[in-house]
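A structural walkthrough
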Amino acid sequence: MVTDDAVHQVVRACHRLAAEGLLIGTAGNVSVRVGDRVAVTATGAVLGELTADQVVEVDLDAHQVGGGPVPTSEVYLHLSVYAQYDVAAVVHTHAPVSTAASIAVGEIPVIHYQQLLLGGAIRVAPYATFGTPELATRVVAALEHRTAALMANHGSIAIGATLDKAVENALLLEWLCTVYRDALAMGKPATLTRKQQEDVIAAAIARNYGSVQQAPQEENR
Ligand SMILES: [Zn+2]
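These lines cover the structure that appears in this document, whether it is placed above or below.

Thoughts on the nonpolar core
With 42 residues, the main nonpolar core has Val 10, Leu 17, Val 30 and Leu 163 as its most contacted residues. Among residues more than four places away in sequence, those in contact with Val 10 are Val 30, Val 32, Ala 39, Thr 41, Leu 50, Val 55 and Leu 163. Ranked by size, the runner-up nonpolar core spans 26 residues in total, among them Val 56, Val 81, Leu 143 and Ile 157.

Details of helix H4 (residues 133-142)
An α-helix turns once every 3.6 residues. As a result, residues three or four positions apart point the same way. All of the buried residues in H4 are Leu 135, Ala 136, Val 139, Val 140 and Ala 142. The buried residues of H4 occupy one face: seen down the axis, they fall within an arc of 160 degrees. Opposite the buried face of H4, at more than 90 degrees from it, the exposed residues are Pro 133 and Thr 137. Of the surrounding secondary structure, the elements contacted by the buried residues of H4 are helix H2 (75-84), strand S7 (122-125), strand S8 (148-151) and strand S9 (155-160).

Points about the sheet that holds strand S1 (residues 29-34)
Strand order in the open sheet formed by 9 strands is S4-S3-S2-S1-S5-S9-S8-S7-S6, and the pairing between neighbours is mixed. Across the chains shown, the open sheet's two edge strands, defined by having one partner strand only, are strand S4 (64-65) and strand S6 (107-108). Along the sheet face, H4 touches S7, S8 and S9 and points at about 170 degrees away from the line of S7. The sheet contacts of helix H5 (residues 163-186) involve S1, strand S5 (89-93), S6, S7, S8 and S9, and relative to S9 the element is tilted by about 140 degrees.

Focus: the pairing of strand S3 (residues 55-59)
One face of the sheet, then the other: side chains in a regular strand alternate in exactly this way. The buried fraction of S3 is high, at 5 of 5 residues. Of the two faces of S3, the one carrying Val 55, Glu 57 and Asp 59 and the one carrying Val 56 and Val 58 are both buried. The sheet contact formed by strand S2 (residues 37-41) and S3 spans 5 bridges and is antiparallel. Note on S3: the bridge partner recorded for Thr 41 is Val 55.

Points about the coordination of the zinc ion
With distances of 2.1 Å, the protein atoms coordinating the zinc ion are His 92 (NE2), His 94 (NE2) and His 154 (NE2). Taken in sequence order, the residues that donate to the zinc ion follow the motif H-x1-H-x59-H. Taken together, the residues span a long stretch of sequence, with His 94 in the loop between S5 and helix H3 (96-104) and His 154 in the loop between S8 and S9 at a distance of 60 residues. Here His 94 falls in the partly exposed class, since its relative accessible area comes to 30%. Residue classification places His 154 among the buried positions, given a relative accessible area of 12%.

Considering the pattern of salt bridges
In this structure the tally under the stated criterion is 6 salt bridges. Arg 194 is the salt-bridge partner of Glu 198, the closest N and O atoms lying 3.1 Å from each other. Of this pair, Glu 198 and Arg 194 both sit in helix H6 (residues 194-207), 4 residues apart, which is roughly one turn of the helix. Classification of Glu 198 as partly exposed rests on a relative accessible area of 33%. Put simply, Arg 16, Glu 20 and Glu 168 are held in one network by salt bridges that share partners.

The rules we used
- Every chain begins its residue count from 1, and numbering advances along the sequence as written.
- pLDDT decides what is reported in this predicted model: residues at 70 or higher carry local features, side-chain atom pairs at 80 or more are listed and counted, and totals for whole chains, interfaces and linings draw on all residues regardless.
- By convention in this description, side-chain values take in all heavy atoms of the structure and omit both hydrogens and water.
- Take the buried residues of types Ala, Val, Leu, Ile, Met, Phe, Trp, Tyr and Cys, join any two whose side-chain atoms come within 4.5 Å, and each joined set is a nonpolar core.
- Each residue gets one of three labels from its accessible area relative to the maximum for its type: buried under 20%, exposed over 50%, partly exposed in between, using a 1.4 Å probe on protein chains only.
- Only heavy atoms enter the contact rule, under which two residues are in contact if any of them lie within 4.5 Å.
- Counting from the N terminus, the helices are DSSP H or I runs at least four residues long and the strands are E runs at least two residues long.
- Within this analysis, the arc is defined by the directions that extend from the helix axis to the C-beta atoms.
- Strands are treated as partners if at least two bridges between them are detected by DSSP.
- For every element, the axis is a line fit to its C-alpha atoms; helices are fit only across the contacting stretch, and the angle between N-to-C directions ranges from 0 to 180 degrees.
- With water omitted from the atoms examined, metal sites may look incomplete; donors here are N, O and S atoms no farther than 2.8 Å from the metal, or 3.2 Å in the case of Na, K and Ca.
- Any Lys or Arg side-chain nitrogen located within 4 Å of an Asp or Glu carboxyl oxygen qualifies as a salt bridge.

What follows is the structure in structure tokens.
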């Protein structure tokens, strides 16, 4: 059984993300993993008004435990992330600017040092129909060495060692997409060089600032 605490974490996360404008109506879903069980939002729930009985429990094979409403149609996306990465929470949104970015750009290059908390340039997972294994596979690949990604013509995903962290990462991604949109409107955005990124990571380690993931994997373009 997932604990009441896990259920309430999901409820609080949904209310916060809705208040911040990232979850709109029934769009999006949130989960937290506790051992070999996952507490996940039910399909059709208005997330800003989510109640504890709209958080359902599944095992890692998507079998529902303990009854209640049907889990989100993106349950395979959540379980595929848990199968691949050592994280305890997944947040999927149709946040407006992140979704716009998923439609308009091929990636978000490294334009701000805070972005390194998400692991570097933000990938856009290629489009596939919602709820399908194809979509889950593509999104899991886009998350390699990252704590957030965009899903083409669909939305965003953020992961974390805790649900609070995943929520922060979803908010950071929406902020980043907003800044990138505004920078594109003003001119040609400059990106941080690989050396600049490495210096940020060294400074962060020296100051124990946040939890920057690891050195960026790619050359900056
Ligand atoms: Zn979605």
